[in-house]
Amino acid sequence: MSRPGTPGGQPGPQRTGDRAAAASVPAQAYAELTAGNRRFVSGAPRHPNQDAGHRAAVADGQHPFAVIVGCSDSRLAAEIIFDRGLGDLFVVRTAGHTTGPEVLGSVEYAVTVLGTPLVVVLGHDSCGAVQAARESSATGTPPPGHLGAVVDAVLPSLRRAEAEGVDDIDGIVDIHIAQTVETLLRQSPVLAAEVAQGRCAVVGVSYRLAAGVARPVAAVPAGFATLDVPTGSADPAAAA
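Residues numbered from 1 in each chain as written. Predicted model: local features only at pLDDT ≥ 70, side-chain atom pairs only at ≥ 80, totals over all residues. Heavy atoms only, no water.

Across its full length, the protein holds nine helices and five strands. The order of α-helices and β-strands along the protein, N terminus first, is α-α-α-β-α-β-α-β-α-α-α-α-β-β. Classification of the 240 residues of the protein by burial places 49% in the buried group. The contacts in the protein between residues at least 6 apart in sequence include a share of 66% that link residues at least 24 apart. As displayed, the protein offers around 10700 Å² of accessible surface, 55% of which is attributable to carbon and sulfur atoms. (Helix = DSSP H or I, 4+ residues; strand = E, 2+ residues; numbered from the N terminus. Buried < 20%, exposed > 50% of the residue type's maximum accessible area, 1.4 Å probe, protein only. Contact = heavy atoms within 4.5 Å. Areas by Shrake-Rupley, 256 points an atom, 1.4 Å probe, with all protein chains shown as cover.)

This part covers helix H9 (residues 189-196). Here H9 has its buried residues at Leu191, Glu194 and Val195. Looking straight down H9, one finds its buried side chains confined to an arc of 100°; they lie on one side. Opposite the packed face of H9, turned more than 90 degrees from it, sit the exposed residues Pro189 and Ala196. Buried residues along H9 sit in contact with helix H5 (101-113), strand E3 (118-124), helix H8 (169-187), strand E4 (201-207) and strand E5 (214-220). Where H9 terminates, the next one or two residues include glycine 198, which has phi positive at roughly 80°. (Arc of directions from axis to C-beta.)

So, on to the state of the cysteines. The full count for this structure, using the stated rule, is zero disulfides. With no disulfide of its own, cysteine 71 lies 4.4 Å from the sulfur of cysteine 127, the closest cysteine sulfur. (Disulfide = S-S within 2.5 Å.)

Looking now at the pairing of E4. Among the seven residues of E4, seven are classified as buried, and the element is accordingly described as predominantly covered. Residues Ala201, Val203, Val205 and Tyr207 line one face of E4 and the alternating positions Val202, Gly204 and Ser206 line the opposite face, and both faces are buried. As defined by bridge partners, E3 adjoins E4 across seven bridges and the pair is classed as parallel. The residue of E4 that forms the bridge with valine 120 is valine 203. (Pairing = 2+ DSSP bridges.)

So, about the packing of helix H6 (residues 128-139) against helix H7 (residues 147-163). In contact at an axis separation of 9 Å, H6 and H7 are set at 80° when each is read in the N-to-C sense. Our classification of the angle between H6 and H7 gives roughly perpendicular. On H7, the residues touching Ala129, Val130, Ala132, Ala133, Arg134, Ser136 and Ser137 of H6 are Val150, Val151, Val154, Leu155 and Leu158. When its residues are assigned to classes, the contact of H6 with H7 shows nine nonpolar, two polar and one charged. (Axes fitted to C-alpha atoms, helices over the stretch in contact; angles between N-to-C directions. Parallel < 35°, antiparallel > 145°, perpendicular 65-115°, else oblique. Nonpolar A, V, L, I, M, F, W, Y, C, P; charged D, E, K, R; others polar.)

For the rest of this paragraph, the subject is the side chain of aspartate 83. You can see aspartate 83 is positioned in the loop between helix H4 (78-81) and strand E2 (89-94). In terms of polar contacts, aspartate 83 uses its side chain to reach the backbone amide nitrogen of histidine 47, at 2.9 Å. Those residues in contact with aspartate 83, other than ones at most four positions away along the chain, are Gly36, Arg39, Pro45, Arg46, His47, Pro48 and Ala78. (Polar contact = N/O pair within 3.5 Å; in protein donor to acceptor, adjacent residues only side chain to side chain.)

Quick look at the layout of surface pockets now. In this model, the largest pocket occupies a volume close to 210 Å³. What lines the largest pocket is Arg134, Ser137, Ala138, Leu155, Leu158, Arg159, Ala161, Glu162, Val166, Asp167 and Ile172. Residue assignment for the lining of the largest pocket shows that the elements contributing at least two residues are H6 and H7. With five residues, the top contributor of residues to the lining of the largest pocket is H7. The class makeup of the residues in the lining of the largest pocket is six nonpolar, one polar and four charged. (1 Å grid on protein atoms, 1.4 Å probe; cavity = no way out; pocket = protein on both sides within 12 Å on 5 of 7 lines; lining within 4 Å. Points joined across faces, edges and corners; volume = space filled by probe spheres on them.)

Here the focus is the nonpolar core. Most often, soluble globular proteins keep nonpolar side chains buried together rather than apart. Ranked by size, the top nonpolar core spans 57 residues in total, and within it Leu33, Ile68, Leu118, Val119 and Leu191 carry the most contacts. Broken down by element, the residue count for this core peaks at nine residues, all from H8. In this view, valine 119 contacts Val67, Val69, Val107, Val111, Leu184, Leu191, Cys200, Ala201, Val202 and Val203; residues no more than four positions away in its chain are not counted. (Core = buried A, V, L, I, M, F, W, Y, C linked by side-chain atoms within 4.5 Å.)

On the basis of which strands lie adjacent, the open sheet formed by five strands has the order E2-E1-E3-E4-E5 and mixed pairing. Whereas interior strands pair on both sides, the edge strands pair on one side only; in this sheet they are E2 and E5. Taking each pair of neighbouring strands and ignoring which way they run, the sheet shows an average axis angle of 25°. Pairing between strand E1 (residues 66-71) and E3: four bridges, direction parallel. By the bridge assignment, valine 69 is partnered in E3 with valine 121.

Summary statistics for the protein give a mean pLDDT of 85 and a share of 83% for residues scoring 70 or more. Segment residues 1-24: pLDDT under 50, and 59 contacts once partners within four positions in sequence are set aside and those in other chains are kept. Ignoring residues within four places in sequence, the model shows residues 229-240, a span with pLDDT below 50, making 23 contacts including any to other chains. (pLDDT = per-residue confidence, 0-100.)

So this is what it looks like as structure tokens:
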């Protein structure tokens, strides 16, 4: 029996006859996401895998080609900004894409059980969680309730930004995205082993709310995100 996510397992893009190559390896999965974002930005989305036939086809099982660890912001709907559909993305969302045991377990499930070859940390400009952490740090006033857990998870990124001389909010956001990539790999030996074996890659992406563009800011293995599709191209094969 084929492991889900390998060529024999037929991951999402391959099952539907998409023009893109099957996203069974990290590079192909990343190219698929990038191409979808280009379509979204250009105003020409295809809305793949959103029809009734595909809904029925994936009812008995899933083979997502990417895990999205994203911020819960209502403007950051992964299936929309990457122009994907049912069964394509395994999405885990928390405020400020903060991580904890449940997030780590969800990622490990997708990568090891479903065979998903790509993990994307998806942040965005003007992040409210980063702004809240910055305000709390500056005033020395902790936020009420469980918001404190979100702020505490972002504070290491603030300290790193300060050490690197980064003061603008969007620069801090990029650092926080990179920090989350490192945190996932540090706290999950299971994920780190999959990356070391070449079966998975982890990319940190920063989304611009007004422009709709998702750009890479961190990647493991290093340099992986240089596979970005050139502006204006909607064909992930151009990046393969």
